[in-house]
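# Report on the structure
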Amino acid sequence: MSVKIKRFVSNACLGLGALALAGCAIPHGGGKVVLSTDQTYPAIGPYSQMIGHARLVWFSGVIALNKEGTALVGATTEEQTRATLENIKLQLHSQGLDFVDVVSATVYMKDLNDFAAMNRVYAEYFRQAPPVRSTVEVARIPRDAKIEIAVIAARR
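Just so we're clear, the structure is a prediction, and the values are computed from it rather than from any experiment.

## Quick word on the pattern of salt bridges
Evaluated as defined, the whole model comprises five salt bridges. The partner of Glu86 in a salt bridge is Lys89, with the nearest N and O atoms 3.3 Å apart. In this pair, Glu86 and Lys89 both sit in helix 2 (residues 77-94), three residues apart, roughly one turn of the helix. In this structure Glu86 comes out as partly exposed when scored by relative accessible area, which is 31%. Asp144 is the salt-bridge partner of Arg140, the closest N and O atoms lying 2.6 Å from each other. For Arg140, a relative accessible area of 62% translates into the label exposed.

Okay, here's the thing in structure tokens:
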């Protein structure tokens, strides 16, 4: 190998190492990035649908709203859980992610007596390597929904 080629390879390796150490090699690295999709209802108020930072994406709490954001989908906890998770799926897919990429979920429920019903539907979406999860009962959810779910996902 010629001296020029050896020097080029050596410099290229040093340059790639410096980029990796600086965080430049991480997809979507750098500072906070506001993310959104038109596949689900828009943010209703002064918040972002999603925020990306480095390899993580935080998703705002999602409820069972229709795409226009004008009406709840479903009357039962099961129906609203399914509609909520379908909205989350659309948001995940808009970022090249899926349920297997979710590392944390927080479930807010109007009535914890409906936990088993929510959990049955939830299990259909988180079939493998489910994320950590917290579930709490709250006094009220926007639009008087029965359930709201917020997730955090990690890019592979």
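## With respect to the packing of helix 2 against helix 3 (residues 115-125)
Where helix 2 contacts helix 3, the two axes come as close as 8 Å, and the packing angle between them is 30°. As far as their axial angle goes, helix 3 and helix 2 are roughly parallel. Seen along the crossing, helix 2 lies across helix 3 with a hand that is right-handed. Contacts between helix 2 and helix 3 involve Thr77, Glu78, Thr81, Arg82, Leu85 and Glu86 from the first element and Ala117, Met118, Arg120, Val121, Tyr122, Glu124 and Tyr125 from the second. Of the residues assigned to the contact of helix 2 with helix 3, the class counts are six nonpolar, two polar and five charged.

## A look at a nonpolar patch on the surface
Together, Leu56, Trp58 and Val103 line one region of the surface with nonpolar side chains, adding up to about 240 Å² of accessible area. Within the secondary structure layout, Val103 lies in strand 4 (residues 102-109).

Rules of the game
- Residues numbered from 1 in each chain as written.
- Predicted model: local features only at pLDDT ≥ 70, side-chain atom pairs only at ≥ 80, totals over all residues.
- Heavy atoms only, no water.
- Salt bridge = Lys/Arg side-chain N within 4 Å of Asp/Glu carboxyl O.
- Helix = DSSP H or I, 4+ residues; strand = E, 2+ residues; numbered from the N terminus.
- Buried < 20%, exposed > 50% of the residue type's maximum accessible area, 1.4 Å probe, protein only.
- Axes fitted to C-alpha atoms, helices over the stretch in contact; angles between N-to-C directions.
- Parallel < 35°, antiparallel > 145°, perpendicular 65-115°, else oblique.
- Left-handed = near helix turned anticlockwise from the far one by under 90°.
- Contact = heavy atoms within 4.5 Å.
- Nonpolar A, V, L, I, M, F, W, Y, C, P; charged D, E, K, R; others polar.
- Patch = residues over 30% accessible without salt bridge, like charges linked within 9 Å, V, L, I, M, F, W, Y side chains within 5 Å.
- Areas by Shrake-Rupley, 256 points an atom, 1.4 Å probe, with all protein chains shown as cover.

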